[in-house]
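Working through the structure, step by step
The primary structure of each chain is shown beneath.
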Protein chains: 2
Amino acid sequence: MKRYERLADTIAELIRTGILAPGERIPSVRQASQSYGVSPSTVFQAYYLLEDRGLIQARARSGYFVRSLAGLPLPEPQLTPAVPPTTEVGVSELVFSVLGSLKNPHTVPFGSAFPSPDLFPMARLARSMTSSLRNLSPHDIIADMTAGNADLMRQIALRYMVSGVRLPIEELVVTNGALEALNLGLQSVTQAGDLVAIESPTFYACLQVLERLQLKAVEIPVHPRDGIDLAVLRERMGSLPIKACWFMSSFQNPLGASLDNSRKQQLYNLLQEHQVPLIEDDVYAELHYGERPPMPIKGLDSEGLVIHCGSFSKTLAPGYRVGWVAGGRFTERIARLKLMTTISPSVPAQTAIADYLQHGGYDRHLRKLRHALQRQQEAMLASAARHFPKGTRVTQPDGGYFLWFEFPEQVDSLQLFRLALAQGISLAPGPIFSASQSFRHCARLNHGHAWGPDSERAMELLGRMLRSF
Amino acid sequence: MKRYERLADTIAELIRTGILAPGERIPSVRQASQSYGVSPSTVFQAYYLLEDRGLIQARARSGYFVRSLAGLPLPEPQLTPAVPPTTEVGVSELVFSVLGSLKNPHTVPFGSAFPSPDLFPMARLARSMTSSLRNLSPHDIIADMTAGNADLMRQIALRYMVSGVRLPIEELVVTNGALEALNLGLQSVTQAGDLVAIESPTFYACLQVLERLQLKAVEIPVHPRDGIDLAVLRERMGSLPIKACWFMSSFQNPLGASLDNSRKQQLYNLLQEHQVPLIEDDVYAELHYGERPPMPIKGLDSEGLVIHCGSFSKTLAPGYRVGWVAGGRFTERIARLKLMTTISPSVPAQTAIADYLQHGGYDRHLRKLRHALQRQQEAMLASAARHFPKGTRVTQPDGGYFLWFEFPEQVDSLQLFRLALAQGISLAPGPIFSASQSFRHCARLNHGHAWGPDSERAMELLGRMLRSF
């Protein structure tokens, strides 16, 4: 990180914590240059950056001031009310119509599921591709298909080890992104008609997969900060023949909620008690803003009950379609299902990522990525506080690139979605995140793209639309 | 092709057609040099090649002679007897144990499903990968994921056009190899419990897919040369509620049989009459030995009933995992199923193949590949005639890289499989190709690898084992 970026972050933190209040004048360039021991031009650069992020504004001949927010920072959403015990899933049509709308490259991509591809080291990865293909014998290409590329699997196992999870390499199956891992994991432990405990709200692909496999959803409410409601889960597991759970324990999509370690342990104890496997979707773990990655529930898994799914699509290589699953006691079944459906993810994509992980500077890239996402989160939060109506609530996750907004009751997010799209702004309306199509007054916004004047204008427009309800 | 290779082919043809009989002396180097207008060293090279292929042998001080076959060329297998009307499928275990045995790279790979990777332009493809990644913007990588790479789809549509099939690009869905295309195609038109007409013998993955989706097989016998028995199919379609057909109309795996155009038309008329969709597995079409590629049934499809599946895995880029489906009236459903399971095949793999198809010389490569496969077929046929016991029958397909052997009744191919594996030779035993595990005295051998002394020795060993039954 550059010196001026560090300074900007320091001042942003003062604003975020209220030490510098809205409307307050921030130190002059000379003052700041002296107090922080940097050159005046570094201070200027930092202030421009903060202005860009919408945190401060210049007033003619008076210097820089903390921007007035429309009010205080927005409060946190509330825990969703209880949901019916089991639900037939039928949300696919709605999801596809929303996803279809994202294709236009000229929309402001608040509805997107991916961070900006500009945040990824695509050129460095391409070099890794070239050099790994040079070293790949034709016979390796055939061998890697059934077994997975050995270098890649070793690198994945190493990352588990660093995050404190000991995992035999034999438990890994390389997949076409996390979505295939999740699909195979769920298929390996369920049959049509079975009950599956899922989160509410949840990642819409989870609903689509349940629908496709004719499984029934048992929706468990998720607290916007603390994660899944363990009391409800305990009750449901006691009273219903649940065959599998599908949860995100860290930076849950769409809420960004994480279970703390003690709650992870409680959840694992429940799984053990009922001998129910968990499909753990953990694709955002590497996007933590804190110092350390969160521990996956897989880290507690002494019995092979957890099917842990990860991916490089959101941290390194979108479009390469390489993910993996650590399948616990279901590994062989998962590997076979994969051989019967897609055989293998692309071998060159595997070798390119393996080479990058060894030589490309993955950790350095991740640090930059996390930092960018966190800054963009600040910018979106500040902008929402300025533009969105009173009564709006919002999450503030410690990782990932989604914010979940709970708007005043009268807002219809599907209608908002259509209004916004007509103005070139996409968003993900609440109902696509639940089997029962609840969360009608909620929406998920993506802050994975560089914040700029377009984003600010889009937030202002959304604010106006929200007030029109 | 080099001059000496052309000469070798000319002489091989004389041997194949019996113009040069077994035991007969072939022209001396001087004679041949004069008659064919080539240098003596070219003749020498040609004769060495023919010796390598096992077609001729040198006798000290007497010159070269056509090798004595153990007898005449082996006759063609017989049409399989009638099979029970419907069958529950449960062959997966057996298939996996056979496939697992192929992992050892030191076995003679007669059991493999792929041709030798040495036959593919892997280095040229890698150059296409490098150059296509250089031109790929990060935003394309995200866009290509849902829609498929536009250049690749255009190239695929062009190849259809050249082979006489007009296909709107919108009907194409790019997939993770043909296996995903087949899986998605079948899922798009069936539900658990449905009846599906398949070939007998058939590609074992077809059996695994039916088993996984809990579909029931209606096995239709396949004639070793003419393809599927249309009379049986007509009867079954009239009497059973068949929901879909899954057939290979050209170079069927494992028999190599092809329907001629008039039989293709008859089959299509049946589909139309009963409004039953066909999943057409056409992955070997480009490996035709004749001048022109065979027409797919898709070429007759005026109603969008045919789901046509292709792939680059067997013709250009094994391990890249890029295939496609032309989905007819089921295209949207297939595209959505794909988005719900794997999202997309690897984008770099798609762009690399697109670049190769535009600039790499695909047709030149295909001509060489076809020629190599045909020569290797000749070598395996000649070797089988030398070493396999009387009563053995064998197919002689006009394309692909499989031969189907029907051994004397007392041969147990599963036992042969185990005996051979212990000697470092793999093969694909007959029972893995049928839901009812018939074809116990049959086996599929792969001639997709360069023929050499190891192959010859392996055939001799197999012959000895066959005689031991």
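Residues numbered from 1 in each chain as written. Chains lettered and ligands numbered in written order. Predicted model: local features only at pLDDT ≥ 70, side-chain atom pairs only at ≥ 80, totals over all residues. Heavy atoms only, no water.

Turning to the pattern of salt bridges, a few remarks are in order. Close approach of charged atoms allows side chains of opposite charge to pair. All names here are of chain A. One pass over the full model with this rule turns up 34 salt bridges over all chains. In this structure, the salt-bridge partner of Arg375 is Glu5, at a minimum N-O distance of 3.8 Å. With a gap of 370 residues between them, Arg375 in helix α14 (residues 362-387) and Glu5 in helix α1 (residues 3-16) connect regions that are remote in the sequence. No difference in accessibility class separates Arg375 from Glu5, as the two residues are buried. (Salt bridge = Lys/Arg side-chain N within 4 Å of Asp/Glu carboxyl O. Helix = DSSP H or I, 4+ residues; strand = E, 2+ residues; numbered from the N terminus. Buried < 20%, exposed > 50% of the residue type's maximum accessible area, 1.4 Å probe, protein only.)

Counting residues at the interface gives 43 residues for chain A, matched by 43 residues for chain B. At the surface where chain A touches chain B, the tally comes to zero salt bridges. Taken together, the links from chain A to chain B amount to 17 residue pairs in polar contact (both at pLDDT 80 or more). Elements supplying a minimum of two residues to the side of chain A that touches chain B: α4 (92-100), α5 (122-134), α6 (138-147), α8 (177-189), α9 (204-212), α12 (331-341) and α13 (347-359) of chain A. In terms of residue count, the dominant contributor to the side of chain A that touches chain B is α6 of chain A (six residues). In the side of chain A that touches chain B, the residues fall into 23 nonpolar, 13 polar and seven charged. (Contact = heavy atoms within 4.5 Å. Polar contact = N/O pair within 3.5 Å; in protein donor to acceptor, adjacent residues only side chain to side chain. Nonpolar A, V, L, I, M, F, W, Y, C, P; charged D, E, K, R; others polar.)

On to the sheet that holds strand β8 (residues 242-247) of chain B. Residues and elements named next belong to chain B. Within the open sheet, the eight strands sit side by side as β4-β11-β10-β9-β8-β5-β6-β7. Their pairing is mixed. At either end of the open sheet lies a strand with only one pairing partner, and these are β4 (172-175) and β7 (227-228). Pairing geometry for strand β10 (residues 306-311) and strand β11 (residues 323-326), over four bridges, is antiparallel. Paired with His308 across the bridge in β11 is Ala326. Helix-sheet contacts for helix α8 (residues 177-189) involve β4, β5 (195-200), β8, β9 (278-281), β10 and β11, and the interaxial angle to β10 is about 165°. Running at roughly 160° to β5, helix α9 (residues 204-212) makes contact with β5, β6 (216-223) and β8 of the sheet. (Pairing = 2+ DSSP bridges. Axes fitted to C-alpha atoms, helices over the stretch in contact; angles between N-to-C directions.)

Before going further, it helps to spend a moment on the packing of aromatic side chains. All names here are of chain A. Enumeration according to the criterion identifies 34 aromatic pairs over all chains in this entry. Where Trp404 meets Phe433, the ring centres are 5.5 Å apart and the plane angle is 85°; that geometry is what we call edge-to-face. Of this pair, Trp404 sits in strand β13 (residues 402-406) while Phe433 sits in the loop between β15 (428-429) and β16 (442-446), placing them 29 residues apart in sequence. For the residue pair Trp404 and Phe433, the accessibility class agrees, reading buried in each case. Through pairs of rings, three or more aromatic residues link up here, namely Tyr160, Phe312, Trp324, Tyr356 and Tyr362. Across from the ring centre of Phe65, 3.9 Å away, lies the NZ or CZ of Arg59, which sits over that ring. Across from the ring centre of Phe402, 3.8 Å away, lies the NZ or CZ of Arg444, which sits over that ring. (Phe/Tyr/Trp six-rings, centres within 6.5 Å; stacked < 30°, edge-to-face > 60°. Lys NZ or Arg CZ within 6 Å of the ring centre and 35° of its normal.)

Residues and elements named next belong to chain B. Of the consecutive residues Ser200 and Pro201, the connecting peptide bond is found in the cis state with omega at 0°. With respect to the helices and strands, the residue Pro201 is situated in the loop between β5 and α9. That bond from Asn253 to Pro254 is cis: its omega, 15°, falls within 30 degrees of zero. Looking at the element boundaries, Pro254 is found in the loop between β8 and α11 (261-274).

On a regular strand, each side chain points to the face opposite its neighbour's, so the side chains alternate between the two faces of the sheet. Residue and element names in this part refer to chain A. Most of strand β5 (residues 195-200) is tucked away, with six of its six residues classed as buried. Of the pairings in the sheet, the one linking β5 to strand β6 (residues 216-223) comprises six bridges and is parallel in character. Looking at β6, one finds that Glu199 is bridged to Ile220. As a crossover connection, the stretch from β5 through α9 into β6 is right-handed. Here β5 runs beside strand β8 (residues 242-247); their pairing, made up of four bridges, is parallel. Among the inter-strand pairings, Ala197 is bridged to a residue of β8, identified as Cys245. (Right-handed = clockwise from strand over helix to strand, strands pointing away.)

By themselves these figures say nothing about function.
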